[in-house]
Amino acid sequence: MHQFSRESKKAGKRIGFVPTMGYLHNGHISLLEKSKSENDISVVSIFVNPSQFGPAEDFSKYPRNLERDKEMLIDAGCDILFYPKADDVYPDDFQTTVQVGKISNILEGKFRPGHFNGVTTIVSILFNCVIPDVAYFGQKDAQQAAVIKQMVKDLKYDIEINVCPIIRETDGLAMSSRNIYLSPEERIEALVLRKSLLLAVELIYAGEKDTSIIKTKMKEMIFLIKSASLDYVEVVEADSFLISSELKAGKQYFILIACKIGTTRLIDNELIIIPF
Ligand code: AMP
């Protein structure tokens, strides 16, 4: 990977990079398409990174299908698939962690302790292998993108971070490799994530500025769904990820939700600009 990237750079090529854990869907492909439109070479990595899964999480059963992924990448015109082996990424004597502070410890970081340390460590390794000019992340994982941006800023990586819109199924469910875990009933009930976000948007556009009222109304909707068990709903400033109690005109916020449907943990969010 190093050799390819070095030679491509010498030839004046611009490299775009899309890190993934595979079991690809149109959300991943949208990142690749964005990369293809802006770069000479687009690299997609597939690596199910053990260090970002908690001990009770779904690492071993995380869906994998390399042959199908390869076909999707060829169809979408991907130039390079980087598919490193776990033993090469984490050899026996591996002993380094990349850890971002505050922003890694709230919300997803609180419910999944250690998760973002795993993410920043693997993304750092992948950045050092691929040496991209620009890397593409989905707004689907809004906090992850914010953590990566902080890492890139703090560690002075010469890499642009491009955050791309959430791609959804036609009924509004955010695409996710984990959607495959949902039973047919759960698949319908999972729409409550999106519906509660749309309720929040509606309240905000009707003039509601108090986030505790917005969160309460969202929770009331979620609690009606039998299979749903809520981890959090939160409203944060889009840049800083600071939790907001009152929305201010002209500012941008993420409304975030993390909720289990049955045993499947799903996340979703909405980016909103408060009208003046
Ligand atoms: P993953 O394979 O789940 O680690 O995701 C790899 C990248 O794809 C991350 O930057 C995700 O935010 C992004 N991604 C996942 N789902 C979506 C989606 N529905 N829309 C846009 N990007 C997504």
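Here, every reference points to the structure presented above.
Here is what the cut-offs are and how they apply
- Residues numbered from 1 in each chain as written.
- Predicted model: local features only at pLDDT ≥ 70, side-chain atom pairs only at ≥ 80, totals over all residues.
- Heavy atoms only, no water.
- Helix = DSSP H or I, 4+ residues; strand = E, 2+ residues; numbered from the N terminus.
- Contact = heavy atoms within 4.5 Å.
- Salt bridge = Lys/Arg side-chain N within 4 Å of Asp/Glu carboxyl O.
- Buried < 20%, exposed > 50% of the residue type's maximum accessible area, 1.4 Å probe, protein only.
- Near = heavy atom within 4 Å.
- Polar contact = N/O pair within 3.5 Å; in protein donor to acceptor, adjacent residues only side chain to side chain.
- Areas by Shrake-Rupley, 256 points an atom, 1.4 Å probe, with all protein chains shown as cover.
- Pairing = 2+ DSSP bridges.
- Axes fitted to C-alpha atoms, helices over the stretch in contact; angles between N-to-C directions.

*Asks:* I keep staring at the environment of F254 and nothing clicks. Help me out?
*Replies:* Note that F254 resides in strand β7 (residues 252-261). With 161 residues separating them along the chain, F254 and D93 place their C-alpha atoms 40 Å apart. The contacts of F254, once residues within four sequence positions are left out, are Q139, A142, E234, V235, V236, A238, F241, N269, E270 and L271.

*Asks:* Help me understand the pattern of salt bridges in this model?
*Replies:* Where charged atoms of side chains with opposite charge meet at close range, the side chains can pair. Applying the stated criterion to the full structure yields 14 salt bridges. For D69, the salt bridge is made with R68, and the minimal N-O distance between the two is 3.9 Å. Exposure remark for D69: the relative accessible area of 2% places this residue in the buried category. Residues joined in a network through salt bridges with shared partners are E108, D231 and R265.

*Asks:* Explain the site of the ligand to me, please; I cannot follow it from the model alone.
*Replies:* Around the ligand, 17 residues are found, and the nearest of them are M21, H28, D141, I167 and M175. For the ligand, an oxygen atom lies 2.9 Å from a polar atom in the side chain of H28. Protein contact buries 92% of the 490 Å² of open area that the ligand shows by itself. Counting residues per element, the ones that place at least two in the shell around the ligand are β1 (15-20), α2 (26-38) and β4 (134-138). Take the shell around the ligand: its biggest share by element is 3 residues, from α2.

*Asks:* I would appreciate a short explanation of the sheet that holds β4 in the present structure.
*Replies:* Paired through their backbone hydrogen bonds, the strands of a sheet run either parallel or antiparallel. One open sheet holds the 5 strands; their spatial order is β3-β2-β1-β4-β5, and the pairing between them is parallel. Of all strands in the sheet, those bounded by a partner on one side alone are β3 (80-82) and β5 (160-164). Across the sheet, the axes of successive neighbouring strands diverge by a mean angle of 25 degrees, strand direction being ignored. Judged from the 5 bridges that link them, β4 and β5 form a sheet pairing that is parallel. Bridge pairing in β5 places Y136 opposite N162. Sheet strands in contact with helix α1 (residues 2-10) are β1, β2 (41-46) and β3, and its direction is about 155 degrees off that of β1.

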